[in-house]
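Summary of the model geometry
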Amino acid sequence: MDFEDFEGFKRIKNTKKLTAEQVCSLLTDYKDALGDISYRMGLDDADIYVNFEGKYGAEIRIDENAGEIIIERELDEDAIEDVDSILEKGKDLSEAKADRIIEQLYDLINDYMDDGIITEHITKAQKVLYMSEKEMAVKGILYLGNVFEVKDDTKELFEIKESPITKSYSVENCLTQRKEIAINYSDYKNQTYSIIIQPFENLVFRKDPSTIKTRFIAKTSKKEYKISGDYTENHFLIELDEVVIGAIDCSNPHFKTEYRIEINNLEETSRIIAMAVMLDTYYRKEEDIKYKK
């Protein structure tokens, strides 16, 4: 069974017969992103504990009898009383962040099993941004499109304006006052979106039909971007060549107009912002298509 799409639970064939000490050694270089790492030996297996920031952590079990490494999300003992409220509200940000780190743990260990070389490294957020959306209209009647504002804790960084006539957005860097990126959604009925980065790059994102989750992939001759949603469709992981470069969290799932964006690779900031706008547009257009039917 393929456990790639499971959330909070992963199973890996331990083809290299790694011990708990060896797994801990692999993870030591990533303590800055993971937090405290410890392990305990048992009769038939060994448990490794990774303590993330927040309510959740991860337990990594080395099951010698089954020849497997199992990674599982754990709720902090102090947060047990919050379980009922978490179940009622759905996945919260702390749980989403824990699942994203578990994804990275799985990718790293699985990657190492292939040839003993790690290329899918664990990363952490270098910056957190906030994006809000509102409609532009004249006297509340004539719709002129949507506008997004992206801020950090102190200032506005990007403004993204829609042109409904051309079915596109322009992404302006407020610090340089330059239009860095265009987003084209003219082919939205085929679940295809283009992000054009000046002067020569065009990323064409197509929805992946092979999974029930929302996943978009853009491939060029040199690299691959992947945007993967969870089952709630409120939390997204962004990867470049299988390495996490950011994440997008919807702050108000019922309306999808407020977003929290984690940037793991600062060089990809404007592209990640464009992907957040693209995702918002995708969900709005899907609702439009359903409504028209």
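These remarks concern the structure in this document.

What counts as what
- Residues numbered from 1 in each chain as written.
- Predicted model: local features only at pLDDT ≥ 70, side-chain atom pairs only at ≥ 80, totals over all residues.
- Heavy atoms only, no water.
- Helix = DSSP H or I, 4+ residues; strand = E, 2+ residues; numbered from the N terminus.
- Contact = heavy atoms within 4.5 Å.
- Areas by Shrake-Rupley, 256 points an atom, 1.4 Å probe, with all protein chains shown as cover.
- Phe/Tyr/Trp six-rings, centres within 6.5 Å; stacked < 30°, edge-to-face > 60°.
- Buried < 20%, exposed > 50% of the residue type's maximum accessible area, 1.4 Å probe, protein only.
- Lys NZ or Arg CZ within 6 Å of the ring centre and 35° of its normal.
- Axes fitted to C-alpha atoms, helices over the stretch in contact; angles between N-to-C directions.
- Parallel < 35°, antiparallel > 145°, perpendicular 65-115°, else oblique.
- Left-handed = near helix turned anticlockwise from the far one by under 90°.
- Nonpolar A, V, L, I, M, F, W, Y, C, P; charged D, E, K, R; others polar.

On to the overall build of the protein, then. In terms of helices and strands, the protein carries 5 helices and 17 strands. A separation threshold of at least 6 residues defines the contact pool for the protein, and within that pool the share at least 24 residues apart is 41%. Working note: accessible area of the protein is about 15,800 Å², and carbon and sulfur atoms make up 48% of it.

The subject of this paragraph is the packing of aromatic side chains. For the structure shown, the criterion picks out 7 aromatic pairs. Residues Y282 and Y283 carry aromatic rings whose centres are separated by 4.9 Å and whose planes lie at 65° to one another, so their mutual orientation is edge-to-face. Comparing Y282 with Y283, the two get one shared label, buried. Positioned above the aromatic ring of Y231, the side-chain terminus of K213 is 4.5 Å from the ring centre. The aromatic ring of Y188 is capped on one face by K285, whose charged end is 5.1 Å from the ring centroid.

Quick look at unusual backbone geometry now. Here the residue pair Q198 and P199 is connected by a cis peptide bond, since its omega of 0° sits within 30 degrees of zero. With respect to the helices and strands, P199 occurs in the loop between β11 (192-197) and β12 (201-207). Notably, K17 is not glycine yet its phi reads approximately 50°, a positive angle. Counting through the fold element by element, K17 comes out in the loop between β1 (9-13) and α1 (20-28).

Quick look at the side chain of S228 now. Along the chain, S228 turns up in strand β14 (residues 224-229). The buried category is assigned to S228, whose relative accessible area is 15%. With residues near it in sequence (within four places) discarded, S228 still touches T214, R215, H235, F236, L237 and E239.

Orientation of α1 relative to helix α4 (residues 93-115), taken along the N-to-C sense of each, is 115°, at an axis distance of 11 Å. In terms of orientation, α1 and α4 fall into the roughly perpendicular class. Between α1 and α4 the crossing geometry is right-handed. Where α1 approaches α4, its residues V23, L26 and L27 are matched on the opposing element by L105, L108, I109 and Y112. Classifying every residue of the contact of α1 with α4 by side-chain character gives 7 nonpolar, no polar and no charged.

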